Amino acid sequence: MGLFSRRRRPEQTAGWQPPERPHCSCARHLDDGLLQTVLPFTTALAEDLGFEPAPVTVADLLGSGGLSVRPARSDEQVPDEPADLTWHLVADDDARVHYDDTDAGAAIDLDAALALQPGVDRVEWYDREVFLLAAPTLCADGVLACAALTLLDDRVRSTG
């Protein structure tokens, strides 16, 4: 099912309901400061285009649907693994220009960087643009904040 798996402490989430503020454990939510933050592009993008693209903020990426989240469905669980995947995170082509993979020179892959975020217990790279997260105590806004902070992490981009 998943291409790669990044784990911490898996938890069973049968009957799980997405928490809402203030009943979540999110270290950060989407606030004005984070929403207005400009996301760095990969160095390869400017080289491919031949010019520096217009700046993109976290709010722009969310508004375009480049980052989106919804609760994971039961059919998205990994067979023979704990049914602990709670969130379905999409980082589509609009988000893809803000991170590289390790084979392209990044110090850390996006799924591994996501797994390091507080409250994220496990990450499955489900499809090219889809990540399934075991983050049962995070609300949707907190998951999106984790994704935005991960895209802001310089380690997910090649240094040259």
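Check the entry above for the structure.
Note that residues are indexed from 1 along each chain, following the sequence as it is written. Per-residue local features are limited, in this predicted model, to residues with pLDDT of at least 70; the limit for side-chain atom pairs, both in listing and counting, is 80 or more; totals at the level of whole chains, interfaces and linings are taken over all residues. Only hydrogens and water are set aside; all other atoms, that is, all heavy atoms of the structure, feed into the side-chain values.

Caption draft 1: Molecular detail of the pattern of salt bridges. Note on definitions: salt bridges are taken to be side-chain nitrogens of Lys or Arg within 4 Å of carboxyl oxygens of Asp or Glu. Inspection of every chain in the model, using the stated rule, returns 13 salt bridges. Of the charged contacts, one joins Arg 128 and Asp 93 as a salt bridge, the two residues approaching to 2.9 Å between their closest N and O atoms. Separated by 35 residues along the polypeptide, Arg 128 in the loop between strand E6 (122–127) and strand E7 (130–134) and Asp 93 in helix H4 (residues 93–96) bring together distant segments of the chain. Judged by its relative accessible area of 47%, Arg 128 is partly exposed. Among the residues examined, Asp 93 registers a relative accessible area of 44% and is labelled partly exposed. Arg 122 serves as the salt-bridge partner of Glu 124, at 2.7 Å between the closest nitrogen and oxygen. Residue classification places Arg 122 among the buried residues on the basis of a relative accessible area of 0%. The network of salt bridges with shared partners includes Arg 70, Arg 73, Asp 75 and Glu 76. Going along the chain from the N terminus, every DSSP run of H or I of four or more residues is numbered as a helix, and every run of E of two or more is numbered as a strand. The cut-offs for exposure are 20% and 50% of the maximum accessible area for each residue type, with area from a 1.4 Å probe on protein chains only; residues under the lower value are buried, those over the upper are exposed, and the others partly exposed.

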